[in-house]
Structures are given as C-alpha cells and as structure tokens.
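Coordinate inspection notes
The residues making up each chain are set out below.
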Amino acid sequence: MKTYEVAVVGGGPAGYVAAIRAAQLGRSVVLVEARELGGTCLNRGCIPSKTLLRHAEVIENIEKAKSWGIETGPVTVSMSKMMARKDEVIQKLRTGIAYLMKQGKIDVLNSYGKVQADGSITIDENGEKKVVKADKVILATGSQPVVPPIPGLEKENFHTSDTIFDIKEIPSSLVIVGGGIIGVEFACIFSALGVPVTIVEMSDRIVPSEDPQAGKVLAKSLKKKGISILTSTKVTAVEQGDSGRLVQIERQSGQTETLNTDLILLSVGRSPNTSAFQSLNLEMNGPFVKVDEHMATSLPNVYAAGDLVGNWQLAHVASAEGLVAAANAAGETETMDYHVVPRCVYTSPEIASVGMTEEQAEQSGIAYKVIKVDHASNGKALTLDEKEGFTKLIADTTHGEILGVSMVGFHVTEMIAEPSAFMRLEGTVDELASMIHAHPTVTETLYEAAATWLGKGVHQ
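What comes next is a walk through the structure. These numbers were taken from a predicted model, which means no experiment stands behind them.

Glancing now at the overall build of the protein. If you tally the helices and strands in the protein, you get 12 helices and 24 strands. Here the C-alpha radius of gyration of the protein, 24 Å, is about what a compact globule of 460 residues would show, namely 23 Å. Dimensions of the protein along its principal axes, counting C-alpha atoms only, are 65 × 65 × 45 Å. Counting only contacts in the protein whose residues sit at least 6 apart along the sequence, the fraction spanning at least 24 positions is 62%. Carbon together with sulfur atoms contributes 51% to the accessible area of the protein, which is approximately 21,500 Å² in total.

Now for the environment of Gln-24. Note on placement: Gln-24 falls in helix 1 (residues 15-24). Each C-alpha atom, one on Gln-24 and one on Ala-327, is 9.6 Å from the other, the two residues being 303 residues apart in sequence.

So, about the nonpolar core. One finds Val-8, Val-29, Val-115, Ile-138, Leu-139 and Phe-277 to be the most contacted residues of the largest nonpolar core, which totals 45 residues. Looking at this core, the elements that each hand over two or more residues are strand 1 (2-9), helix 1, strand 2 (29-32), helix 4 (79-103), strand 5 (120-125), strand 6 (128-139), strand 19 (302-304) and helix 7 (315-329). Contacts of Val-29, omitting those with residues within four sequence positions, involve Tyr-4, Val-6, Val-8, Ala-19, Ala-22, Ala-23, Lys-105, Ile-106 and Asp-107. Judged by nonpolar contacts, the second largest core, of 35 residues, contains Leu-174, Phe-186, Leu-222 and Ile-227.

Turning next to unusual backbone geometry. In this chain, Ser-348 is followed by Pro-349 through a cis amide linkage whose omega measures 5°. Considering the arrangement of structural elements, one finds Pro-349 in the loop between strand 20 (343-345) and strand 21 (350-355). Of note, the amide linkage connecting His-439 to Pro-440 takes the cis form, showing an omega dihedral of 0°. Position of Pro-440 among the secondary structure elements: in the loop between helix 11 (429-433) and helix 12 (444-453). Positive phi is not limited to glycine here, since Asn-301 has a value of about 70°. As for its position among the elements, Asn-301 is in the loop between strand 18 (288-289) and strand 19. Here Asn-301 falls in the partly exposed class, since its relative accessible area comes to 39%. In this structure, His-411 takes a positive phi of about 50° despite not being glycine. Within the secondary structure, His-411 sits in the loop between strand 24 (402-409) and helix 10 (417-424).

What follows deals with the sheet that holds strand 22 (residues 368-374). The sheet built from five strands is open, its strands ordered 20-21-24-23-22 with antiparallel pairing. Edge positions in the open sheet fall to strand 20 and strand 22, since each of these has one partner strand only. For this sheet the average axis-to-axis angle between neighbouring strands, irrespective of direction, equals 10°. The pairing of strand 22 with strand 23 (residues 390-396) spans seven bridges and is classified as antiparallel. Looking at the pairing, Lys-369 lines up with Ala-395 of strand 23. Where helix 6 (residues 212-224) meets the sheet, it contacts strand 21, strand 22, strand 23 and strand 24, and its direction lies at approximately 175° from that of strand 23.

Our focus in this paragraph is the pattern of salt bridges. For the structure on display, the rule yields 19 salt bridges. We note a salt bridge from Lys-129 to Asp-124, for which the minimum N-O separation is 3.9 Å. Judged by its relative accessible area of 61%, Lys-129 is exposed. Assessed through its relative accessible area of 32%, Asp-124 is described here as partly exposed. Here the residues in one salt-bridge network are Arg-35, Glu-36 and Arg-44, joined through shared partners.

Read across the open sheet, the five strands follow the order 8-15-9-10-11; overall the sheet is parallel. Looking at strand neighbours, the two that pair on one side only are strand 8 (159-160) and strand 11 (228-230), the edges of this open sheet. The strands touched by helix 5 (residues 181-192) are strand 9 (174-177), strand 10 (197-200) and strand 15 (263-266); relative to strand 10, the strand with the most contacts, the crossing angle is about 170°.

Attention now moves to the state of the cysteines. Here a disulfide denotes one covalent bond, and it connects the sulfur atoms of two cysteines. In the structure shown here, the tally under the stated rule is zero disulfides. Just so you know, Cys-188 is unpaired, no disulfide at all, and the nearest cysteine sulfur is the one on Cys-344, 15 Å from it. Looking at Cys-188, the relative accessible area reads 3%, which means it is buried. Residue classification places Cys-344 among the buried positions, given a relative accessible area of 14%.

To continue, consider the packing of helix 3 (residues 46-64) against helix 4. Two elements in contact, helix 3 and helix 4, have axes whose closest approach is 9 Å; the angle formed by their N-to-C orientations is 140°. Classified by the angle between their axes, helix 3 and helix 4 sit oblique to one another. Classified by chirality, the crossing of helix 4 by helix 3 is right-handed. Contacts between helix 3 and helix 4 pair Ile-47, Pro-48, Thr-51, Leu-52 and His-55 from the former with Met-82, Met-83, Arg-85, Lys-86, Val-89, Ile-90 and Leu-93 from the latter. Its residues assigned to classes, the contact of helix 3 with helix 4 comprises eight nonpolar, two polar and two charged.

Cut-offs and rules
Per-chain numbering applies: the sequence of each chain, read as written, is numbered from 1 onward. This being a predicted model, a pLDDT of at least 70 is required before a residue's local features are given, and a value of 80 or more before pairs of side-chain atoms are given or counted; all residues contribute to the totals for chains, interfaces and linings. Based on all heavy atoms of the structure, the side-chain values leave hydrogens and waters out of the count. The way it works is that DSSP assigns letters per residue, a run of H or I at least four long becomes a helix, a run of E at least two long becomes a strand, and they are numbered from the N terminus. Put simply, the radius of gyration uses C-alpha atoms, and a globule should come to 2.2 Å times the residue count raised to 0.38. Any pair of residues with heavy atoms lying within 4.5 Å of one another is described as a contacting pair. The Shrake-Rupley method, run with a 1.4 Å probe sphere, supplies the accessible areas, and residue values consider only the shown protein chains as cover. Definition used in this section: a nonpolar core is a set of buried Ala, Val, Leu, Ile, Met, Phe, Trp, Tyr and Cys residues joined via side-chain atoms within 4.5 Å. Burial here depends on accessible area, computed with a 1.4 Å probe over protein chains only, as a share of the maximum for the residue type. Under 20% is buried, over 50% is exposed, and the range in between is partly exposed. Between any two strands, pairing holds if DSSP finds at least two bridges. Angles shown run from 0 to 180 degrees and are taken between the N-to-C directions of axes, each axis being a line fitted to C-alpha atoms and, for helices, limited to the stretch in contact. The salt bridge definition used is simple: a Lys or Arg side-chain nitrogen within 4 Å of an Asp or Glu carboxyl oxygen. Cysteine sulfur atoms are paired as a disulfide whenever they fall within 2.5 Å. Roughly parallel means an angle under 35 degrees; roughly antiparallel means over 145; roughly perpendicular covers 65 to 115; every other angle is labelled oblique. In this scheme the crossing of two helices becomes right-handed for a clockwise turn of the near helix relative to the far one and left-handed for an anticlockwise turn of less than a right angle. Charged residues are taken to be Asp, Glu, Lys and Arg, nonpolar residues to be Ala, Val, Leu, Ile, Met, Phe, Trp, Tyr, Cys and Pro, and polar residues to be all remaining types, Gly included.

Structure, rendered in structure tokens:
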C-alpha cells in the first residue's frame, strides 16, 4: 500500500488545482479520478457549452450582417463538425491538465475510489482492488444534474447537461425544463441552430439568481430570437406521443397545457456526489458537506472543495476553494473569502455581475445609491450593433465604496474583472471615475456610471 501526504479525490476544477497546489508546496500527491481529468466543467459543462455558444454567436452574426450590407449564401450547419471541434477543444485542455500532473509529479489513478475512515482510499481498477493511504484527504467529487420526480420521466426520453453533448442530430424542437443559467445558455445554442425552443421555469422570471433588470433584458432578447419563455409554470408529467414527447405543464393560474417536442433538456440544478465518502459520516449542511473557512470538514485531516460544499457552484469558485484546501492540507494557513465572486451568464447578450444586486443592497439596510447606464448610447456598442444592455453600479453613500456591479451586453463577461478588482481592493466610486478608460470601448460605461454617481457624468 503506497502512502502519500495528500490525496485528492476528484479531478475537476477544485481537485486538479488542489493537487497542483499541494505538489507546489512540496507534498507527495495522488489524484483519484473516476472519469476524465477536468471534471464536469471541462468535459460536460463550461468548455463544451461555451464552444457551442461561440458557434451560435457566429451564426447569429452572419444573419445580422445582412443589415450591414454583407450578404452570404445560405448558411449550412454540420452538427458532426461542430461536435468534433468541441471535442478537439476538450481534448487539448484535457491533455494540458495531464501534462501539469506529470510536471508536478502527481500520481493519477484513473479509477473510482472510496475513502475510508482511516484515510485509506480503496481503488477499483478494472475489477482489481488497490489501496492507497494519505495523511490528508481533499474531497472534490463534484456534482451531478438533478432529475426531478416528474411522472413519466425515463432515461430514454430526456437529456441533462451531462448528456446533451452526445446528440448526433439537431432536434426539430426542444423543451428546456429550468430557466436558470444552464437552461438559457442552451436555449441560445439551439435557437441559433434554427430549433424552436421553449423554456419552462417555475420562478416568475428567468435567471432568478441575477439582477431582475438583467433578466428582463435577456428575456426580451431571447423572445426576439423566437424562444418561448413560460415563467411561473411547472412540468407535471411527461409521456411519449405519436410524433414526439408530450410535456404536460401547469401555470400558476391552474391552467394546463401540453407541449409536443422532439427533445427534453432538464436544467433544474445539481446535487453533490457523495457516494465516494459515505463511510466518513461527515457533518453535512443539508445535502452539502459542511466546511469551515479553511475548507476543513468535521473530520481531522479531511478537506472538501467545489460543488460538494454548495455556495456558488461555479468552476472558478471551486478552484479557489481547492487552492485554500490544498494550502491548509499542506500545513499552510489560508482562509476562503467569498466577498468578491464574479458571476457570468454566457448568453446573447451576456450577463456579468459581482457583489450585491440592487435587491440585496436594499435588504441589507446599507445606505446606497445606484446608477444605470444604458449601452444604447455607448459608441463601441453602436459600432458593434450590440445596443442591448446596461451597466449598473451600486455603492454605499457613506464612503463611496463599490458594493456591486451588474452588466448586460456584448461580452460583458470579459469586463467584469475590472469592477471585481476595484471591489477586492475596496475601491471607491471616486477612484473608478478618476481612472482613464480607453475609447471607444463598452468598458467606458463603467466610468460613465461612476462619474454619474458622483454627479459628474458627461454623457448621462
């Protein structure tokens, strides 16, 4: 039985990053991963979906270019070639992670592992049992899509975000159950491919975790694309019809309806994978593993990071948690800080936010002031023909400290780092307004919002 100083169970954004950090700190490390390196984000989530969203963006731009005087012939789409490119991107990144493991002298066991109470991990390698032991264990086994208990749902008649990338043909129609971040991103992908899409969301709005005004702008844009959005609506049953799947829905008013669709995509959340460490009897926080600010669990020498512990369930947060867990497992002292967490929705238009929403600021009781600058008056947005959206800045009126920023628009996910940095450094509206921003850029709307907040706006 081989012994390591640190064992990481799970090779996703939390796990592989934790393994690298522990190795950098001079510890002997083993990484146990049952499937592919990179976890859900790389293989079945962030990377494949963003690759296909890029394809969708190009298709939409070709159509939009007609109004600019740029004409092309009929656009044809090859699902097999699109999926092949998606696979190429995944494989390149997966190979890169494998290289990092080798460079860090991290042993990788591509097998399902079960963690025992004594710190040993039982590995099943093609039916052959193997045991490794570690002084410290970091749990990073991720999550899986939630399948709600809807009557008639069977594996053969629906897809989740884990399986949708395996389809071979473009569906003739699609019903997406869940209008959260994952659901609306897939709606954009399939709508661009010419698929009639219907989103069914139980909440009274899509992307309910984001700024209501942002959700409203996105909903308007999605409807322009021909996407049907049914909010305050739930799916009550699914059955197989003669020409497709029949989705029974019920509106808040009690009105019922049947949707006929070729494909169903479930997008109602994710639940943590806990089967690999059930024998540990860890203290839980609902379905999630309870951890402290050091990412330590209720058991000595056992840490957890990523979707397992709940919180934001975002890949970049998982990596940050993995770094903290690894540092503490290696004898350092680090704490996890969730104060500044950028959140991104890669639809068209995109949504990006950090810190408090206006709703949260109001609930907190903090004295604040909010300014919203529409992109319709921004020079760069006009040149791009991307006038939808806005930049909203929230700051406290006592010191002018920036509390939150929400943005909707063209590639605003690339802009959110600037306000995140200001917030991380406890920057003020005065400091943001005194910084020269390049012209023409959509980022100028951040400057304009700060200047207007101070009563010095030029174009507002």
